[in-house]
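Chain and residue survey
Each chain, written out:
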Amino acid sequence: MTPLSFPTRRLAPDITVAPQLEPADMAEAAAAGFRSVINNRPDFEHDQDQPTSADIQRAAEAAGLVYRFQPVDRAHHSAEDIATFAALLQELPRRRPVRWRAGARSTRLFLSAQQDPSAGG
């Protein structure tokens, strides 16, 4: 498999987290075997130059990826955030990257979803 041009960290055999992905990264992710993307970063959280969810969604779908936008505050994850994330993990096709700015947000959501017996993760 060709290495990706963006860094990733594997949380489980079929769950990978990645930093701020650009729309152009979606085709590369699809070619590498990813099947879906969960975007946890709210639009314009950092600055106006950040790609929007709509931009990434268009590129993801054009590349054949299933895309879901679940914006979550980086400092606080509610029980509802965790349950929604766990449901997305169950719903979406496997081998999926989870997008975030630096990693902690999606990693915490993933770990919390795995520990919550009601989440089905």
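Heads up: the structure comes first, above all this text.
Residues numbered from 1 in each chain as written. Predicted model: local features only at pLDDT ≥ 70, side-chain atom pairs only at ≥ 80, totals over all residues. Heavy atoms only, no water.

**What about the side chain of His 77?**
With respect to the helices, strands and loops of the structure, His 77 is situated in the loop between strand 4 (66–69) and helix 3 (79–91). For His 77, a relative accessible area of 15% puts it in the buried group. Polar side-chain contacts of His 77 include one of 3.5 Å to the backbone oxygen of Asp 73. Aside from chain neighbours lying at most four places away, what touches His 77 is Val 72, Ile 82, Arg 105, Arg 108 and Leu 109. (Helix = DSSP H or I, 4+ residues; strand = E, 2+ residues; numbered from the N terminus. Buried < 20%, exposed > 50% of the residue type's maximum accessible area, 1.4 Å probe, protein only. Polar contact = N/O pair within 3.5 Å; in protein donor to acceptor, adjacent residues only side chain to side chain. Contact = heavy atoms within 4.5 Å.)

**Thoughts on unusual backbone geometry**
Notably, Phe 44 is not glycine yet its phi reads approximately 60°, a positive angle. Its place among the elements puts Phe 44 in the loop between strand 3 (36–39) and helix 2 (53–62).

**Some details on the environment of Ala 87**
Secondary-structure assignment places Ala 87 in helix 3. Separated by 26 residues in the primary sequence, Ala 87 and Ala 113 have C-alpha atoms spaced 8.9 Å apart.

**What to know about helix 4 (residues 104–115)**
With twelve residues, helix 4 ought to run about 16 Å at 1.5 Å a step, and its terminal C-alpha atoms sit 16 Å apart, in line with that. All of the buried residues along helix 4 are Arg 105, Ser 106, Thr 107, Leu 109, Phe 110 and Ala 113. (Expected span 1.5 Å × (residues − 1).)

**Re the pattern of salt bridges**
The final tally for this structure, using the stated rule, is three salt bridges. Its salt-bridge partner being Arg 58, residue Asp 55 comes within 2.6 Å of it at the nearest N-O pair. One end of the pair, Asp 55, and the other, Arg 58, are both in helix 2, three residues apart, so they sit about a helical turn from each other. Here Asp 55 falls in the partly exposed class, since its relative accessible area comes to 30%. A relative accessible area of 53% places Arg 58 in the exposed class. (Salt bridge = Lys/Arg side-chain N within 4 Å of Asp/Glu carboxyl O.)

**Things to note about the pairing of strand 2 (residues 15–18)**
By the alternation rule, side chains of strand 2 split into Ile 15 and Val 17 and Thr 16 and Ala 18, which are all buried. The pairing of strand 1 (residues 9–12) with strand 2 spans three bridges and is antiparallel. Counterpart to Ala 12 in the pairing with strand 2 is Ile 15. (Pairing = 2+ DSSP bridges.)

**Regarding the side chain of Gln 70**
Positionally, Gln 70 belongs in the loop between strand 4 and helix 3. Gln 70 sits in the buried class, given a relative accessible area of 6%. There is a polar contact of 2.9 Å between the side chain of Gln 70 and the backbone oxygen of Asp 81. For Gln 70, the residues in contact, after removing those within four places along its chain, are Asn 39, Asn 40, Asp 81, Thr 84, Phe 85, Leu 88 and Leu 109.

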